[in-house]
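Survey of secondary and tertiary structure
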Amino acid sequence: MKTLAGKRILLVIGGGIAAYKCLDLIRRLRERGAIVVPVMTQAAHHFVTPLSVGALAAHRVYTDLFDREDEQDVGHIRLARECDAVIVAPASADRMAQLSAGLAGDLPGAVLLATRAPILFAPAMNPAMWSHPATRRNLQRLTEDGVHFVGPNRGEMAESGEAGEGRMAEPLEIAGALEALFGAGDAPLAGRRAVVTSGPTHEPIDPVRYIANRSSGRQGHAIAAALARLGAEVTLVSGPVSIPDPAGVIVVKVETAREMLAAVEAQLPADIGVFVAAVADWRAAEAHAGKLKKDGSVPPPLELALNPDILATIGKSERRPRVVVGFAAETDDLLAHARGKLERKGADLIVANDVSHETGIMGGTSNTVHLVTAEGVEDWPSATKDEVATGLADHIARMLLEKPRP
Ligand code: C5P
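If you're wondering where the values come from, they're calculated on a predicted model, not measured in any experiment.

So, helix 13 (residues 334-345)
- Between its terminal C-alpha atoms helix 13 stretches 16 Å, which fits the 16 Å expected from 12 residues at 1.5 Å a residue.
- For helix 13, the complete set of buried residues consists of L334, A338, K341, L342 and K345. Each buried residue of helix 13 sits inside an arc of 105° when the element is viewed along its axis, so together they form one side. Residues of helix 13 that are exposed and point over 90 degrees away from its buried face: E343 and R344.
- G346 sits one or two positions beyond helix 13 and adopts a positive phi of about 70°.

Structure, rendered in structure tokens:
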């Protein structure tokens, strides 16, 4: 589908190994109908050549702020004005710091300050740089200034083999995030922020063993994507899963329940909170620093401690999103349990599914759900998790519209 037909996208290619992914990104944007206008930083020349970028974009590549020909008519202002969106990929820590401080010392910097079009950053950097307080500050400030972000993802770094958060989002995810940005204009959740939890949590017993469950993350991930399709700015806080990140959402990856709670709290304030994660109720009271040794026939004692209830903590907090949705997977007394959770956890809606039947089995692809609110119960026919997600996102959009502002 030509979802970006006729859109003029300024693609600022930054310096970093991930720049090679921009060649594929150009293809993905063009196959969606976009006109790609590439701008390369000086550093980007070390990683990809203007020749290959220009050939794939079928467009001239801009590189220099002081280009005599272009700047006769203040070319950077023209570039900034004549585009529908700007993508910065890879966006380095340095680029984030520059825009956050309003610096315009090179062509991309000048364009980013001069444009009024939406800006989408796809950060890529070493995990230590991404988690540095200075980068966190810049991220916060840029988000407040209205800059959109996709990624970075967790994974192995191309240059060092180090694992962590800092890997640039994949071209398809970046294209998806851009589509969501453009969809946002006439979407019911445009300008709304949503946080969604998904997947299981892993609770370490020792460095190699952990407590987990069978959650695949499919339902939570599908809901995050469906909310993004309605124009919401979505952060997905995900436990360890083996499915790909959904398009058009920011993904924060965590392992434990306590990390998940902290990551959700960092996303507040938000308009919508959807808590789909199968959070482990208990963790090992004490995670051993070294691997527990087998000792004859006597198993080691395993003492458990209670994990925080993320839904209840947020649902009952002062910073609670306007619409809070929880899930309840039950094998018996489904509706009674769901009603109890509605009350106890401070949710506006509990999506109840009966896991005693085959359709509701955790990790499967379909779901039979009942929507439980203070007003009553709505039974939905069995559907795929994607269909449930789409219906639920619509339902949440209506709830938000109908709910009076406090
Ligand atoms: O109490 P129960 O685990 O059945 O509640 C399920 C709901 O509560 C889900 O929405 C789940 O994401 C949320 N939950 C949570 N933190 C926990 C346990 C459950 O957010 N520790």
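So, the pattern of salt bridges
- Overall, the coordinates contain 14 salt bridges when judged by the stated rule.
- Between R95 and D106 there is a salt bridge; the shortest N-O distance is 2.7 Å. Taken together, the residues R95 in helix 5 (residues 93-101) and D106 in the loop between helix 5 and helix 6 (107-114) connect sequence positions 11 residues apart.
- With a relative accessible area of 22%, D106 lands in the partly exposed category.
- Sharing partners across several salt bridges, the network here consists of D24, R27, R28, E31, R32 and E179.

A look at the site of the ligand
- Among the 13 residues in the neighbourhood of the ligand, the closest are listed as F275, A277, F327, K341 and K345.
- Separating an oxygen atom of the ligand from a backbone N or O atom of F275 is a distance of 2.5 Å.
- Note that an oxygen atom of the ligand is positioned 2.7 Å from one of the backbone N or O atoms of A277.
- In the shell around the ligand, the residues fall into eight nonpolar, one polar and four charged.

Description of empty space enclosed by the protein
- Under the criterion given, the structure shown has two cavities of 30 Å³ or more.
- Size it by volume and the second largest cavity reaches roughly 30 Å³.
- Along its surface, the second largest cavity is lined by R8, L10, V37, R78, L79 and E82.
- Split by residue class, the lining of the second largest cavity holds three nonpolar, no polar and three charged.

A few points about the nonpolar core
- L227, V234, V274 and L392 are the most contacted members of the largest nonpolar core, which has 35 residues in total.
- Every element with two or more residues in this core is listed here: strand 8 (193-198), helix 10 (218-229), strand 11 (233-238), strand 13 (272-275), strand 16 (323-330), strand 17 (349-354), strand 19 (369-372) and helix 14 (385-402).
- Considering every element that reaches this core, the biggest residue donor is helix 14, with eight residues.
- Residues within four places of L227 in sequence aside, it is in contact with L189, A194, V196, A232, V234, V274, A393 and I396.
- A18, I26, L29 and L181 belong to the second-largest nonpolar core, a separate cluster that totals 32 residues.

Remarks on the sheet that holds strand 5 (residues 148-149)
- Taken together, the five strands give an open sheet; going across it, the order is 2-1-3-4-5, and neighbouring strands pair in parallel fashion. The two strands at the open ends of the sheet, each matched to only one other strand, are strand 2 (35-40) and strand 5.
- Across four bridges, strand 1 (residues 8-13) lies against strand 3 (residues 85-91) in parallel orientation. For L11, the partnering residue across the bridge sits in strand 3 and is I87.

Observations regarding the environment of H395
- Inspection of the secondary structure puts H395 in helix 14.
- H395 sits in the buried class, given a relative accessible area of 11%.
- Separated by 291 residues in the primary sequence, H395 and A104 have C-alpha atoms spaced 44 Å apart.

What about unusual backbone geometry?
- With an omega of -10°, the peptide bond between A89 and P90 qualifies as cis.
- A cis amide bond links L268 to the next residue, P269, at an omega of 5°.
- Mapped onto the elements of the fold, P269 is located in the loop between helix 11 (257-265) and strand 13.
- One non-glycine residue with positive phi stands out, namely A58, at about 55°.
- By the secondary structure assignment, A58 is in the loop between helix 2 (50-57) and helix 3 (68-71).

Some words on the packing of helix 10 against helix 14
- The geometry of helix 10 relative to helix 14 is characterised by a closest axis approach of 8 Å and an angle of 45° between their N-to-C directions. When the axis of helix 10 is compared with that of helix 14, the two are oblique. For helix 10 against helix 14, the interelement crossing comes out right-handed. Along the contact surface, helix 10 presents R218, Q219, A222, I223, A226, L227 and R229, while helix 14 presents K385, D386, V388, A389, T390, L392, A393 and I396.

Criteria and cut-off values
- Residues numbered from 1 in each chain as written.
- Predicted model: local features only at pLDDT ≥ 70, side-chain atom pairs only at ≥ 80, totals over all residues.
- Heavy atoms only, no water.
- Helix = DSSP H or I, 4+ residues; strand = E, 2+ residues; numbered from the N terminus.
- Expected span 1.5 Å × (residues − 1).
- Buried < 20%, exposed > 50% of the residue type's maximum accessible area, 1.4 Å probe, protein only.
- Arc of directions from axis to C-beta.
- Salt bridge = Lys/Arg side-chain N within 4 Å of Asp/Glu carboxyl O.
- Near = heavy atom within 4 Å.
- Polar contact = N/O pair within 3.5 Å; in protein donor to acceptor, adjacent residues only side chain to side chain.
- Nonpolar A, V, L, I, M, F, W, Y, C, P; charged D, E, K, R; others polar.
- 1 Å grid on protein atoms, 1.4 Å probe; cavity = no way out; pocket = protein on both sides within 12 Å on 5 of 7 lines; lining within 4 Å.
- Points joined across faces, edges and corners; volume = space filled by probe spheres on them.
- Core = buried A, V, L, I, M, F, W, Y, C linked by side-chain atoms within 4.5 Å.
- Contact = heavy atoms within 4.5 Å.
- Pairing = 2+ DSSP bridges.
- Axes fitted to C-alpha atoms, helices over the stretch in contact; angles between N-to-C directions.
- Parallel < 35°, antiparallel > 145°, perpendicular 65-115°, else oblique.
- Left-handed = near helix turned anticlockwise from the far one by under 90°.

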